[in-house]
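In case you want the letters, here they are:
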Amino acid sequence: MPLYQSSTAEPAEAKRRVAAAAAEAHGRDRVQTEGVANHLLASLSGYGFATLFFCVAVPLGLAEWQQVLGWTAYNVAGLVGLYLVLKAHGSDPVLPQVLLKISSVAVAYILLDVARSVALQWLCLIIVLDIRRLRSGQLMLAAALAVLLPVAGLVFRWCLDAKSVKLADELVYVLLSAMTVPILIAIFKADRALSWRQRKQSTRMAQTLEQLSELSIRDGLTGLYNRRHMQQLLDQEQLRCARSGLGFSVGMLDIDLFKRVNDSFGHGVGDLVLRKFAYIAQDFFKESPHSVGRWGGEEFLFIMPETSEPEACMLLDSLRVSVAEFAWEQYRPGLKVTCSGGVSRHAPTAAIQSTLFAADAALYRAKVGGRDRIEPGTTLQPRPFELHGAKSTATQGVEVDPSMATAIRTLPHYGPNAQPTEVESQRFSAWLSRLIKGRTERMRNRVSMCLVAVPAYVAWLAMDLLYAIPNGVLTPAAGWAFAGAIVVQAVLPYTLIRSGVSAKFPRPALVLPQILGANCMALVAYVLIPDIRSPALQVLCLSLMFGFVGLRPSEARIAGRVAIGILATALILMGVFGAPAFEFRKQFLQVSMTIFILWLITDKSLGFGVIREQLRSERVQLARATDEVRYRMSRDVLTGLFNRQHMQQVLQAECLRHDQSGRGFSVALIDLDHFKRINDSHGHEVGDEALIGFAQAAQRVLRETDVICRWGGEEFLVLLPESDQDSGGFAAIERLREHVLSQCYSKRVEVLRLSFSAGLASRLSGESLTDFLERADQNLYLAKAQGRNRCVGLAQ
């Protein structure tokens, strides 16, 4: 029977796989077909408006029906054929559509005289509207065809009837078409750079926010959850328990005699013990829903959902055995680590404070009973104050693992001027580039905008000197005045930017003034020079396209509204007051088409500006998030002081400065006396208050140049720059000691007072940081041995 079932199941499974593959392929075909159809339908609006334009031209006597119908038939046949080909072969619809549009403009250029005045505008608009979907090679092909097809149309018309072709006028159109190529390439590069920055910044923002989130819940030394996050988990578990009626257990573990580990083997070994203990605990509970966190110093908290007290005791006892049996001597001879723990079961109707207090009391019994054991909890009344973990200090910051800190420090900074750069291979080209564009990347980006406009100004200058003046379109005086205006318009922005003068302006790139200046020149030419009115309208569209690469949304609106408003006003005034060689019907049609194209270009430029504004806003947010990450990397979550990792970096830099300049410094290693008794007698909440109060007192009393950090647990390290232990350093720590003795540190326990012992050391020239801190640690040990509440410092 099993064999029979297997033989029939395999073909059935194969059939299901085949059916699933067929359904997936059908879905892809359907999506692809819909995509092609949607692309083509989106193109119909442009074809429809152009058809309407030509239909209006017929009654006005500017076109014939046969020509319009021939052009419409070409477009319909092209769209249908394109749809069938794309549906059959499933290729990318973007490039074929662009090529069809360009060929449609070329056909209109051949058939319709009225189309020649707006052909260039349509060619620019076609490529610009699809520029974000074209690849680099496709853009070059489209730009080349946008120039070559009108040239081919010109040659075709000239071969058919050379007399009807005004060769000089047509060459002006061709020159303006060729002028669009570098502009389109510049827009394409700016768009790609914008897209690249957008993707890069989005990725960096996501990574930084993820790191920020991780830093907010992790302990920097052990990688376990920190106390704040464990308190949040306790609150969540309490709500879940109240809803479901299923209790949970809480366990507290404390590493036995951890102070002796620090005193006997040094803080480096103590940190290693904490990290290794955390690793053992995480590995022990890796396949369970239980949560492990560092509760404070050498204490750890365990949340065990739906676990009874005996089960929790068994789990923690197994962990205790694993810790005791671990080969600690591999790190230091004679090193032995054990732990004690207390467990309490949380009932659905109980307060979380009473559960924590019961677990803490059980932990205390385990220590009193000889340590290296786990004790079950008992039902006790909570203390009159809340044992609520560090909520008031949750916003201070968090320590970070050094590996995470290194990863974040290696991230590149994305400020307001971050731009993608190109590596220049030749020294001469690099020198020439610096000479023309400047040395800074900000200036190079601004100058590049001016250089992109050079082909446009050259074309205008050539048209003025080689066409307008020789053919009598302009008088020599007017022609040379116009040429001078072109040169000023081209050179003045470059000079202001390259010299650095524009850096004092609100918008140093001067993009909007350049666009407005070019618009004014084009409109003056449109009004005063009848023979170049069509090229003037084309230049008006080209100048507005520069806004794609540098205008803000408000500036894009200004540029578009000014161009459209002045053009419409000029048309009305010319119609009312008259102008030389002014044909109102033809000019009305051309201006209407130009205004429509200007509106589309403005809308597209506005979209680019919005993206740039979003990038600027994201850069600010990214910079703030990065600063927050760096802040949290350097701060202790409870006291708000610098953490140990940051202080080690500061000390390394101070040692280097000492070796180079000879200016010495001292450190004081401070340990709060009998701090363990405070936690055991009054609870961890009072202990936290004492730590926070000491940190605040130290910040008030110490000099502005002194730097204090929380070194670990109840230990603090003070850096005393440019002082030695026998003079300024010793006096500063003595002032702090006397001030600490006179302060009250808890509102709940008014009789609570603190004292501390301190070991001071002055660094010797060439001494390693490890040896230097070891001397301070030895002096701290002597201060404790001599009765505590004192400062000890020895020269060596």
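Described in the following lines is the structure provided in the data block.

Rules used throughout
- Sequence order sets the numbering: in each chain, residues are counted from 1 along the sequence as written.
- Totals for whole chains, interfaces and linings use every residue, but because this is a predicted model, local features are given only for residues with pLDDT of at least 70 and side-chain atom pairs only at 80 or more, for both listing and counting.
- To get the side-chain values, take all heavy atoms of the structure and skip hydrogens and water.
- The helix count covers DSSP runs of H or I at least four residues long, the strand count covers runs of E at least two residues long, and both are numbered beginning at the N terminus.
- Exposure classes here rest on a 1.4 Å probe applied to the protein chains alone. A residue is buried below 20% of its type maximum, exposed above 50%, and partly exposed in between.
- A contact between two residues is defined here by any heavy atoms of the two lying within 4.5 Å.
- Only the protein chains shown count as cover for residues, and all accessible areas are computed by the Shrake-Rupley method using a 1.4 Å probe.
- Strand pairing is assigned whenever DSSP identifies at least 2 bridges connecting the two strands.
- Definitions used throughout: a 1 Å grid over protein atoms alone; a cavity as a set of points that fits a 1.4 Å probe which cannot get out; a pocket as an open set with protein on both sides within 12 Å along at least five of seven lines; a lining residue as one with an atom within 4 Å of a point.
- Grid points are joined across faces, edges and corners, and a volume is the space filled by probe spheres set on the points.
- Residues were grouped as follows: Ala, Val, Leu, Ile, Met, Phe, Trp, Tyr, Cys and Pro as nonpolar; Asp, Glu, Lys and Arg as charged; and all remaining residues, including Gly, as polar.
- Lines are fitted to the C-alpha atoms to define the axes, a helix being fitted only along its stretch in contact, and any angle between axes, read from their N-to-C directions, falls within 0 to 180 degrees.
- Each patch is built from salt-bridge-free residues with over 30% relative accessible area, joining like charges within 9 Å and nonpolar side chains (Val, Leu, Ile, Met, Phe, Trp, Tyr) within 5 Å.
- Each salt bridge in this description consists of a side-chain nitrogen of Lys or Arg and a carboxyl oxygen of Asp or Glu lying within 4 Å of one another.
- To estimate how far a helix should reach, multiply one less than its number of residues by 1.5 Å.
- Pairs were defined over the aromatic rings of Phe, Tyr and Trp, the Trp ring being its six-membered one, requiring ring centres within 6.5 Å. Orientation was assigned from the angle between planes: stacked under 30 degrees, edge-to-face over 60, tilted for the rest.
- Only Lys NZ and Arg CZ are tested; either one counts as a charge over a ring when it is within 6 Å of the ring centre and within 35 degrees of the ring normal.
- By convention a nonpolar core is built from buried Ala, Val, Leu, Ile, Met, Phe, Trp, Tyr and Cys residues, the set being connected through side-chain atoms within 4.5 Å.
- We call two N or O atoms a polar contact when they sit within 3.5 Å, provided that within protein one can donate a hydrogen and the other can accept it, with sequence-adjacent residues counted only if both atoms are side-chain atoms.
- Note on angle classes: values under 35 degrees are labelled roughly parallel, values over 145 roughly antiparallel, values of 65 to 115 roughly perpendicular, and the remainder oblique.

1. Let's talk about the overall build of the chain
- Scanning the chain for helices and strands turns up 25 helices and ten strands.
- Out of the 796 residues belonging to the chain, those deemed buried represent 49%.
- Across the chain, every contact between residues at least 6 apart in sequence was considered, and the portion connecting residues at least 24 apart equals 75%.
- On the chain, roughly 37,600 Å² of surface is accessible, and the fraction owed to carbon and sulfur atoms is 59%.

2. A few points about the environment of Val562
- In this fold, Val562 is placed in helix α19 (residues 553-577).
- Looking at Val562, the relative accessible area reads 28%, which means it is partly exposed.
- For the pair formed by Val562 and Leu516, sequence separation is 46 residues and the distance between their alpha carbons is 7.9 Å.

3. Examining the pairing of strand β6 (residues 665-672)
- For β6, the tally of buried residues reaches eight of eight residues, placing the bulk of the element in the interior.
- A two-sided burial pattern is seen for β6, the buried positions comprising Phe665, Val667, Leu669 and Asp671 on one face and Ser666, Ala668, Ile670 and Leu672 on the other.
- Bridge count for β6 against strand β8 (residues 715-721) is seven bridges, and the pairing is antiparallel. In the strand pairing of β8, Phe665 is matched with Pro721.
- Here β6 runs beside strand β9 (residues 756-762); their pairing, made up of seven bridges, is antiparallel. Across the sheet, Ile670 pairs through a bridge with Ala758, a residue of β9.

4. Comments concerning empty space enclosed by the protein
- Inspection of every chain in the model, using the stated rule, returns six cavities of 30 Å³ or more.
- Of the pockets and cavities examined, the largest cavity occupies roughly 230 Å³.
- Around the largest cavity, the lining comprises 16 residues; the ones closest to its centre are Ala453, Tyr457, Ala518, Ser543 and Phe546.
- Mapped by element, the contributors of at least two residues to the lining of the largest cavity are α15 (454-468), α17 (511-528) and α18 (533-545).
- When residues of the lining of the largest cavity are assigned to their parent elements, the largest contribution, six residues, is made by α17.
- Here the lining of the largest cavity is built from residues that sort into 14 nonpolar, two polar and no charged.

5. A few points about the environment of Ala350
- Within the secondary structure layout, Ala350 lies in the loop between β4 (339-346) and α11 (352-368).
- Ala350 sits in the partly exposed class, given a relative accessible area of 26%.
- Expressed as a C-alpha distance, the spacing of Ala350 and Gly247, which sit 103 residues apart in the sequence, is 9.7 Å.

6. As for the sheet that holds β8
- Strand order in this open sheet of five strands is β7-β8-β6-β9-β10, and the pairing throughout is mixed. The sheet is open, and its two borders are formed by β7 (707-712) and β10 (791-793), each paired with just one other strand. Strand after strand, the sheet turns through a mean of 20 degrees between neighbouring axes, direction not considered.
- Here helix α25 (residues 769-785) sits on the sheet and contacts β6, β7, β8, β9 and β10; the angle it forms with β9, its principal contact strand, is near 145 degrees.

7. A word on a nonpolar patch on the surface
- Together, Leu432, Leu435, Ile436, Leu451, Val454 and Val458 make up an exposed nonpolar region whose accessible area comes to about 440 Å².
- Of all the elements in the fold, those that place two or more residues in the nonpolar patch are α13 (427-437) and α15.
- For the nonpolar patch, the element with the highest residue contribution is α13, accounting for three residues.
- Along the polypeptide, Leu451 turns up in helix α14 (residues 441-452).
- Leu451 gets classed as partly exposed once you look at its relative accessible area, which sits at 31%.

8. Re the pairing of β4
- Of all eight residues that make up β4, seven are buried, and the element is covered over most of its length.
- Inspection of the sheet shows strand β1 (residues 248-255) paired to β4 by eight bridges, in the antiparallel sense. Bridge pairing in β4 places Gly251 opposite Val343.
- Sheet topology places β4 next to strand β5 (residues 374-376); three bridges connect them, and they run parallel. From the neighbouring strand, Val343 faces β5, where its bridge partner is Pro376.

9. Structural notes on helix α7 (residues 227-244)
- In this model α7 runs 25 Å from its N-terminal to its C-terminal C-alpha over 18 residues, within 8% of the 26 Å that 1.5 Å per residue would give.
- For α7, the full list of buried residues reads Arg227, Arg228, His229, Met230, Gln231, Leu233, Leu234, Glu237 and Cys241.
- Positive phi shows up at Gly245, right after α7, with a value of about 80 degrees.

10. Thoughts on unusual backbone geometry
- At Asp372, a position not held by glycine, the phi torsion is positive, near 55 degrees.
- Its place among the elements puts Asp372 in the loop between α11 and β5.
- The phi dihedral of Asn789 is positive, around 55 degrees, even though this residue is not glycine.
- With respect to the helices, strands and loops of the structure, Asn789 is situated in the loop between α25 and β10.

11. Some details on the packing of aromatic side chains
- If you walk through the whole model with that rule in mind, you get twelve aromatic pairs.
- Consider the rings of Phe285 and Phe302, whose centres lie 5.6 Å apart with planes at 50 degrees: the pair is tilted. Highlighted residues: Phe285 in the loop between α9 (267-284) and β2 (291-296) and Phe302 in strand β3 (residues 299-305), separated in sequence by 17 residues. As far as burial versus exposure is concerned, Phe285 and Phe302 are alike and both buried.
- An aromatic cluster is present here, built from Phe284, Phe285 and Phe302 joined pairwise through their rings.
- Of note, Arg635 hangs over the ring of Phe642, and the distance from its end group to the ring centre comes to 4.1 Å.

12. Considering the nonpolar core
- With 75 residues, the main nonpolar core has Phe54, Leu112, Val114, Trp460, Tyr526 and Leu567 as its most contacted residues.
- Residue contacts for Leu112: discarding those within four places in its chain leaves Phe54, Ala63, Gln67 and Val68.
- Residues Leu691, Phe716, Val749 and Ala758 belong to the second largest nonpolar core, which totals 31 residues.

13. A few points about the sheet that holds β3
- Taken in spatial order, the five strands line up as β2-β3-β1-β4-β5 in an open sheet, and their pairing is mixed. At either margin of the open sheet sits one strand with a lone partner, and together these are β2 and β5. Averaged over all neighbouring strand pairs, the angle between strand axes comes to 20 degrees, with direction disregarded.
- Sheet topology places β2 next to β3; five bridges connect them, and they run antiparallel. Counted as the bridge partner of Gly296 is Glu299 from β3.

14. Examining the side chain of Arg294
- Mapped onto the elements of the fold, Arg294 is located in strand β2.
- Classification of Arg294 by relative accessible area gives buried; the value is 12%.
- At 3.3 Å, the side chain of Arg294 and the side chain of Asp219 are in polar contact.
- A polar contact is formed between the side chain of Arg294 and the backbone oxygen of Gly297, at a distance of 2.8 Å.

15. Quick word on the packing of α17 against α18
- Contact geometry of α17 with α18 gives a least axis separation of 8 Å together with a crossing angle of 170 degrees. The angle between α17 and α18 falls in the class roughly antiparallel. Residue-level inspection shows Ile515, Ala518, Asn519, Ala522, Leu523, Ala525, Tyr526 and Val527 of α17 in contact with α18, the latter providing Arg533, Ala536, Leu537, Val539, Leu540, Ser543 and Leu544.
- A per-class count over the contact of α17 with α18 returns twelve nonpolar, two polar and one charged.

16. Some words on the pattern of salt bridges
- Tallied over the full model, the rule gives 22 salt bridges.
- A salt bridge links Arg616 to Glu613; its shortest N-O distance comes to 2.5 Å. Of the two residues, Arg616 and Glu613 are both situated in helix α20 (residues 584-634); the distance of three residues between them amounts to about one turn of the helix.
- Arg616 gets classed as partly exposed once you look at its relative accessible area, which sits at 23%.
- Note that Arg657 and Glu654 form a salt bridge whose closest N and O atoms lie 2.7 Å from each other. Of this pair, Arg657 and Glu654 both sit in helix α21 (residues 644-661), three residues apart, roughly one helical turn.
- Overlapping salt bridges bring together Lys259, Asp671, Glu714, Glu715 and Lys784 as one network.

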